[in-house]
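Residues per chain, in single letters:
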Amino acid sequence: MVALGSEVDAVLAEPAGLSAERLNRACGAMLGLAIGDALGATVEFMTPREIAAQYGVHDRIRGGGWLKLPSGEVTDDTTMSFALAEAWLAAGGPPDARACADAFDAWMRAKPVDIGNTVRRGIVRWRLHGTAQAEPSSDAGNGATMRCLPVALATLGAEAEVIEAAALVQARVTHHNPLTDAATLSAVRMVQVAIAGAGVDGVLAEADALAARHAEFFFRDRRCDNPSGYIVDTMRAVCQAIAGQRGFEAVLVDVVNRGGDADTTGAIAGMIVGALAGETGLPAHWRQAVKAGVRMDCVRLASGLLELAPASRG
Ligand code: MG
Ligand code: MG
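Every value quoted in this text rests on a predicted model; they were computed, and no experiment measured them. (Residues numbered from 1 in each chain as written. Chains lettered and ligands numbered in written order. Predicted model: local features only at pLDDT ≥ 70, side-chain atom pairs only at ≥ 80, totals over all residues. Heavy atoms only, no water.)

A.B. asks: Help me understand the coordination of the magnesium ion (ligand 1) in this model?
C.D. replies: Six octahedral donors around a metal ideally subtend angles of 90 or 180 degrees, whereas four tetrahedral donors ideally subtend 109.5 degrees. Protein coordination at the magnesium ion (ligand 1) comes from Thr75 (OG1), Asp76 (OD), Asp77 (OD) and Asp263 (OD), with a distance range of 2.0 to 2.3 Å. As a motif over one chain, the donors of the magnesium ion (ligand 1) read T-D-D-x185-D. Here the magnesium ion (ligand 2) and the magnesium ion (ligand 1) are spaced 3.6 Å from one another, each receiving a donor from Asp263. The exposure class assigned to Asp76 is buried, which follows from its relative accessible area of 7%. (Donors = N, O, S within 2.8 Å, 3.2 Å for Na, K, Ca; no water. Buried < 20%, exposed > 50% of the residue type's maximum accessible area, 1.4 Å probe, protein only.)

Written as structure tokens, this is what we have:
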């Protein structure tokens with residue numbers, strides 16, 4: 001990986017003795033992503049009313065849903081993040097656009113349990129034409145944001161332009177839209193400020209900054225139930241849950257019980273509040289409920305990505 005952070009950044013990002021805490025938060029983010037995905041997948045595409053009728057409050061990892069998942073299994077949100085993470089580790093630094101496209105292509109060939117339309121279109125375009133980046137489009141789906149966590153971990157302590165370039169190069173393999181770009185970068189920053197210890201106020205400051213740049217994302221108003229795969233809906237639901245609840249469990253229960261694209265709102269909320277909570281702050285019953293292989297991948301990949309980060313160079 002190229003040297004990214006300035007010396008000042010490195011000093012700020014590396015207070016002595018805090019790297020164990022950083023690792024705890026990075027693993028918490030990756031496990032939080034998987035937990036939110038596994039929890040939300042059960043109620044994906046249901047309405048809050050249907051969820052209440054069937055489960056009361058859905059707060060247990062139990063599988064099922066329209067994908068008929070085994071309990072503890074995850075979906076594309078987590079497995080695409082893993083694919084991107086592996087590409088970073090294989091490259092030993094930021095994978096270029098073609099390496100990202102190759103990673104997503106291999107992921108699709110492995111027959112994932114689900115795949116979004118925009119993601120499929122982007123990968124098929126890469127296969128047919130060899131173009132690794134999508135043309136600008138009005139399509140503002142949430143598929144680029146749901147898989148951005150590896151960028152947040154591997155660029156911790158990097159300069160802003162480096163973080164932005166890494167966030168967008170992976171996003172634009174499939175999504176090329178000002179709203180998806182902004183949300184992806186914002187989600188990366190939310191995770192990074194959470195790992196840096198800025199707390200929920202730091203995360204919400206990023207959410208407000210996103211709304212200041214693109215008013216569509218303003219979330220401090222009407223409740224967003226049934227969030228669609230439109231990134232604005234997704235981020236509004238996630239930010240409302242983070243602003244309205246305290247603690248990892250309460251935020252995830254709030255966001256997935258809104259239904260709609262619940263595995264993805266769960267995944268994005270999970271990575272952010274997982275970074276706030278750290279691995280040691282995650283509810284044991286949820287952590288245990290995630291499939292063991294997924295759990296091990298979460299920790300292995302989070303550690304590997306963090307090792308690549310400029311913040312980890314003492
Ligand atoms: Mg999914
Ligand atoms: Mg989804």
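A.B. asks: Explanation requested: the side chain of Gln170 in the structure shown.
C.D. replies: Counting through the fold element by element, Gln170 comes out in helix α8 (residues 160-171). Within the structure, Gln170 has its side chain in polar contact with the backbone oxygen of Ala144 (distance 3.1 Å). In contact with Gln170, other than residues within four places in its own chain, are Leu84, Cys100, Phe104, Ala144, Arg147, Cys148, Val151 and Thr184. (Helix = DSSP H or I, 4+ residues; strand = E, 2+ residues; numbered from the N terminus. Polar contact = N/O pair within 3.5 Å; in protein donor to acceptor, adjacent residues only side chain to side chain. Contact = heavy atoms within 4.5 Å.)

A.B. asks: Where do I start with helix α12 (residues 248-256) in this structure?
C.D. replies: One full turn of an α-helix is made of 3.6 residues, so residues set three or four places apart face in the same direction. Within α12, seven of the nine residues are buried, which leaves it mostly tucked inside the rest of the structure. Taken together, the buried residues of α12 touch α2 (19-41), α3 (48-55), α11 (231-244), α13 (262-277) and α14 (284-289).

A.B. asks: Looking at this structure, how should I read the pattern of salt bridges?
C.D. replies: When charged atoms on two side chains of opposite charge get close, those side chains can pair. By the definition in use, this model includes 13 salt bridges. With a closest N to O distance of 3.3 Å, Asp105 and Arg109 form a salt bridge. Taken together, the residues span about one helical turn, with Asp105 and Arg109 both in helix α5 (residues 97-109) at a distance of four residues. What makes Asp105 buried here is its relative accessible area of 8%. Classification of Arg109 as exposed rests on a relative accessible area of 55%. (Salt bridge = Lys/Arg side-chain N within 4 Å of Asp/Glu carboxyl O.)

A.B. asks: Explanation requested: the packing of aromatic side chains in the structure shown.
C.D. replies: Here a ring pair, both rings aromatic, is described through the centre-centre distance and the interplanar angle of the planes. One pass over the structure, following the stated rule, counts two aromatic pairs. Ring centres of Phe248 and Trp286 lie 6.0 Å apart, and the angle between their planes is 65°; this geometry places the pair in the edge-to-face category. Placement of the pair is Phe248 in helix α12 and Trp286 in helix α14, with a sequence separation of 38 residues. (Phe/Tyr/Trp six-rings, centres within 6.5 Å; stacked < 30°, edge-to-face > 60°.)

A.B. asks: How should the nonpolar core be read in this particular structure?
C.D. replies: Across soluble globular proteins, nonpolar side chains show a tendency to be buried alongside one another. With 99 residues, the main nonpolar core has Met30, Leu149, Leu153, Val191, Phe217, Leu252 and Ile272 as its most contacted residues. Excluding its chain neighbours within four sequence positions, the residues that come into contact with Leu252 are Ile35, Gly36, Leu39, Gly266, Ala269, Gly270, Val273 and Trp286. (Core = buried A, V, L, I, M, F, W, Y, C linked by side-chain atoms within 4.5 Å.)

A.B. asks: How should I be thinking about the environment of Leu84 in this particular structure?
C.D. replies: Tracing the backbone shows Leu84 in helix α4 (residues 76-91). For the pair Leu84 and Ala101, spaced 17 residues apart in the sequence, the C-alpha separation amounts to 9.3 Å. If we skip the residues at most four places from it in the chain, Leu84 touches Pro95, Cys100, Phe104, Arg147, Pro150, Val151 and Gln170.

A.B. asks: So what exactly am I meant to see when it comes to the packing of α5 against helix α6 (residues 117-129) here?
C.D. replies: How two helices pack is summed up by the angle between their axes together with the distance between the axes. The interhelical angle for the contact between α5 and α6, taken along N-to-C directions, is 110°, at an axis separation of 10 Å. With respect to each other, α5 and α6 are oriented roughly perpendicular. In terms of crossing hand, the pair formed by α5 and α6 is left-handed. Together, Arg98, Ala101, Asp102, Phe104, Asp105, Trp107, Met108 and Arg109 of α5 and Val119, Arg120, Ile123, Val124, Trp126 and Arg127 of α6 make up the contact between the two elements. (Axes fitted to C-alpha atoms, helices over the stretch in contact; angles between N-to-C directions. Parallel < 35°, antiparallel > 145°, perpendicular 65-115°, else oblique. Left-handed = near helix turned anticlockwise from the far one by under 90°.)

A.B. asks: How should the coordination of the magnesium ion (ligand 2) be read in this particular structure?
C.D. replies: Coordination of the magnesium ion (ligand 2) by the protein comes from Glu44 (OE), Asp261 (OD), Asp263 (OD) and Thr264 (OG1), over a distance range of 2.0 to 2.6 Å. All donors to the magnesium ion (ligand 2) come from one chain, and their sequence spacing reads E-x216-D-x1-D-T. Judged by its relative accessible area of 0%, Asp263 is buried. Residue Thr264 is classed as buried on the basis of its relative accessible area of 3%.

By themselves these figures say nothing about function.
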